[in-house]
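Descriptive analysis of the structure
Letter by letter, the chains look like this.
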Amino acid sequence: NLAKLQKLKVIHLDANNLNVFPEVLLQIPSLEEINLQGNQISFIAKDLDEIKNLKSLNLSANQLNDLGELEFPKQIKYLELQQNSIRKLPDGLFRSKNLEFLNVSQNNIREISPKVKGLKNIVSMNLANNNLKDIPVEIKQLKNLKTLILTGNPIEKSTIENLKTLLPDTQIYF
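Figured I'd write up the structure that's included with this text. On a predicted model such as this, the values are computed, not experimentally measured, just so you know. (Residues numbered from 1 in each chain as written. Predicted model: local features only at pLDDT ≥ 70, side-chain atom pairs only at ≥ 80, totals over all residues. Heavy atoms only, no water.)

A word on the sheet that holds strand 3 (residues 56–58)
Ordered in space as 1-2-3-4-5-6-7-8, the eight strands form an open sheet in which the pairing is parallel. Unpaired on one side and paired on the other, strand 1 (10–12) and strand 8 (171–173) mark the two borders of the sheet. Here the strands of the sheet are splayed against their neighbours by 5° on average, with no regard to which way each runs. Pairing analysis gives three bridges linking strand 4 (residues 78–80) to strand 5 (residues 101–103), with the strands arranged parallel. Within the sheet, the bridge partner assigned to Tyr78 lies in strand 5 and is Phe101. (Pairing = 2+ DSSP bridges. Helix = DSSP H or I, 4+ residues; strand = E, 2+ residues; numbered from the N terminus. Axes fitted to C-alpha atoms, helices over the stretch in contact; angles between N-to-C directions.)

Describing the environment of Lys52
One can find Lys52 in the loop between strand 2 (33–35) and strand 3. Judged by its relative accessible area of 53%, Lys52 falls in the exposed class. Residues in contact with Lys52, not counting those within four places in the same chain, are Pro29 and Gln75. (Buried < 20%, exposed > 50% of the residue type's maximum accessible area, 1.4 Å probe, protein only. Contact = heavy atoms within 4.5 Å.)

Below, the structure written as structure tokens:
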């Protein structure tokens, strides 16, 4: 029984044909890294934040589309959600003050909330290959942002030029 592994720090269950997030993981608060890449997961328990020490979560290449009111653990630093069908990033994500690396490329995201300003420690944000036409002005508050990837989005050149002014110390790929 996995729940008995109370000192487990890392678990890799990538490419295992899982179609739900293994809720037993919520009972292992010592987990720091979870890799569930390449499964068929379409739903995540909203109490993901019970995994108090979780720093790295890879849910790329799954079938996620609605993250609802998902709350992320306070310690999360690396979040990989690329290659899903996500339409909207949950507000809970923007309360992840320790998040440094976010990859949500290759989804169906149409807008980024002004609440993005809550990602105080974000260093790299990959938003490539979505349906973004604009980025909120609040992104200028992300003082640690070094890399912003926007390739493959229907963003106008004037919007990119404006972003370069707002984020003079950020490398922007478009």
